[in-house]
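# Examining the three-dimensional arrangement
If you want the building blocks of each chain, they are given just below.
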Amino acid sequence: MTARNGLASLLRPEDSVLVLIDHQPYQLANLNSHEPQMVVNNATALAKVAKAFGVPTILTSVVADRGGLIFPQITAVFPDQEVIDRTFINTWEDRKVVAAVEATGRKQLIIAGLWTEICVAMPTIQALGEGWDVTVVTDASGAVSVEAHQVAIQRMIAAGANMMTWLAVASEWQRDWARAEHIAELTEVLKQHAAGSGIAYLWEQQLLNTPVPRVAA
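These remarks concern the structure in this document. This one's a predicted model, so the numbers in the text were calculated from it and none came from an experiment.

What follows covers the overall build of the protein. Broken down by element type, the protein carries 10 helices and six strands. For the protein, the C-alpha radius of gyration of 19 Å lies close to 17 Å, the compact-globule estimate for 217 residues. By its C-alpha atoms, the protein is 75 × 40 × 35 Å across when sized along the principal axes. In the protein, which comprises 217 residues, the share counted as buried stands at 47%. Sequence separation of at least 24 residues holds for 78% of the intrachain contacts in the protein that already meet a minimum separation of 6. Accessible area of the protein: about 10,900 Å², with a carbon and sulfur share of 58%. If you average the places of the 15 positive and of the 22 negative side-chain charges in the protein, the two averages end up 4 Å apart.

So, in structure tokens, the structure goes:
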């Protein structure tokens, strides 16, 4: 199990791979741990940040012909990418998904999905047991109740998983504002999805571009 302390434990885009699990209408219909629109917003933001930083992202659904297609806000970020549809409830038992993750050569596995207590917890716990360094993005995930979400988080922490929010993941990937190669894309995601922070940035830009009134002599 990877120790979650020290500089080496922080997320790095070149070592990260993201798996988005079952962001589908059926799961969203019984989401009660978060406001549904917040989970859609946060999962979409996470997908956009991953794309901006060049982090490979695997999209997977479960029985999509009955549970519905992955949210279009997410698939629009990766318009040409296949969504891996499964019958396994536990994503990590589906060899096609695991093979796609392994093919990236990355070791920092980042997971978000619906529902936290089932479709996130099961692959997280299995992957941890197989030696993966696993981070769960809690606010891009959700459960059938607040209790279910919290208990799942406690269970995964006990198994050795790291817990973060999407904005914390984005910040850890950026790490240094002197790294300018992804700042433009990151700023766009913040403007669109980071609520108060994005609006404050736009206000700051407005003020910087507003001429100072002349004072009458």
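So that's the structure; there's more coming.
Within the secondary structure layout, Phe71 lies in the loop between helix H3 (64-67) and helix H4 (72-75). According to the relative accessible area criterion, Phe71 is buried, its value standing at 6%. Taking the C-alpha atoms as reference, Phe71 lies 11 Å from Leu20; in sequence the two are 51 residues apart. Every residue in contact with Phe71, bar those within four places of it in the chain, is listed here: His23, Gln24, Pro25, Leu28, Val40 and Leu114.

The next point concerns the pairing of strand E1 (residues 16-21). The buried fraction of E1 is high, at six of six residues. In E1, alternate side chains face the same way, and those of Ser16, Leu18 and Leu20 on one face and Val17, Val19 and Ile21 on the other are all buried. Strand direction decides the pairing type here: E1 and strand E4 (residues 108-113), joined by six bridges, are parallel. Residue pairing for E4: Val19 is matched across the bridge by Ile111.

Thresholds applied
- Residues numbered from 1 in each chain as written.
- Predicted model: local features only at pLDDT ≥ 70, side-chain atom pairs only at ≥ 80, totals over all residues.
- Heavy atoms only, no water.
- Helix = DSSP H or I, 4+ residues; strand = E, 2+ residues; numbered from the N terminus.
- Rg over C-alpha atoms; globule rule 2.2 N^0.38 Å.
- Buried < 20%, exposed > 50% of the residue type's maximum accessible area, 1.4 Å probe, protein only.
- Contact = heavy atoms within 4.5 Å.
- Areas by Shrake-Rupley, 256 points an atom, 1.4 Å probe, with all protein chains shown as cover.
- Lys, Arg positive; Asp, Glu negative; His and termini not counted.
- Charge placed at Lys NZ, Arg CZ, Asp CG, Glu CD.
- Pairing = 2+ DSSP bridges.

As far as function goes, none of this settles anything; it's purely spatial.
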